[in-house]
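Residues per chain, in single letters:
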Amino acid sequence: MSTTLFSRTDAALGAFAVRPLDPLTDAELLHGWVTHPKASFWMMQDHSLTDVEREYMAIAASPHHHAFLGLHDGRPAFLMESYDPAHVELVDLYEPEPGDVGMHFLVAPTDTPVSGFTRAVITTVMAALFADPAVRRVVVEPDVRNTAVHALNEAVGFVPEREIAKPEKTALLSFCTREQFEAAVAGAGVSI
């Protein structure tokens, strides 16, 4: 599947793109990512390849949850999910507003980290979400213990609101409006 839904060029790191995820052909790749020790907050450490296929088949079948494969210079590099928080993940945990979209992202594990790469990924994810004019605010609910992602979220404009109790974790509910994202990216000298 090669349909590019969004692309941007990072001045330092090159081309980033997002395409639809194919649950069957991408499952083996994803399995290696989501079961890697660095993906512990993804909570799929014990999933088999079949479990991963099933999980992403269920997402593909949902009208409220979508999964995408992110590419860096044409190679798979990250996973992106978007969801309608009025129907998935945050039902009854906050009052959704029109234009809200939920987001998850996971950078592929690597033995050779590149400085600034994860920030370029989250910038790409946010820019892809805000490319839809209907999106007014991005909502995230990372584990309260995931301090690395809290710092990344803050770097692209997220503002924490409060901790919430989800069945699988205590999460830090945070929001980022289009204006907050644009100001954070401009302040960092990054082009979208």
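The notes below deal with the structure included here. As the structure is a computational prediction, the values presented were derived from the model and not from experiment.

**Concerning the pairing of strand E6 (residues 137–140)**
- Because side chains alternate across E6, one face comprises the buried residues Arg 137 and Val 139, and the other comprises Val 138 and Val 140, equally buried.
- Judged from the three bridges that link them, strand E5 (residues 100–107) and E6 form a sheet pairing that is parallel. Each residue of the ladder has a partner; that of Val 101, found in E6, is Val 138.
- Read from E5 through helix H3 (residues 117–130) to E6, the crossover connection turns out right-handed.

**Comments concerning the packing of helix H1 (residues 27–34) against helix H2 (residues 49–61)**
- Axis separation between H1 and H2 bottoms out at 9 Å; the angle between their running directions is 110°. Here H1 lies roughly perpendicular to H2, going by the angle between them. Listed contacts from H2 to Ala 27, Glu 28, Leu 30, His 31 and Val 34 of H1 are Leu 49, Val 52, Glu 53 and Tyr 56.
- Classifying every residue of the contact of H1 with H2 by side-chain character gives six nonpolar, one polar and two charged.

About the criteria used
- Residues numbered from 1 in each chain as written.
- Predicted model: local features only at pLDDT ≥ 70, side-chain atom pairs only at ≥ 80, totals over all residues.
- Heavy atoms only, no water.
- Buried < 20%, exposed > 50% of the residue type's maximum accessible area, 1.4 Å probe, protein only.
- Helix = DSSP H or I, 4+ residues; strand = E, 2+ residues; numbered from the N terminus.
- Pairing = 2+ DSSP bridges.
- Right-handed = clockwise from strand over helix to strand, strands pointing away.
- Axes fitted to C-alpha atoms, helices over the stretch in contact; angles between N-to-C directions.
- Parallel < 35°, antiparallel > 145°, perpendicular 65-115°, else oblique.
- Contact = heavy atoms within 4.5 Å.
- Nonpolar A, V, L, I, M, F, W, Y, C, P; charged D, E, K, R; others polar.

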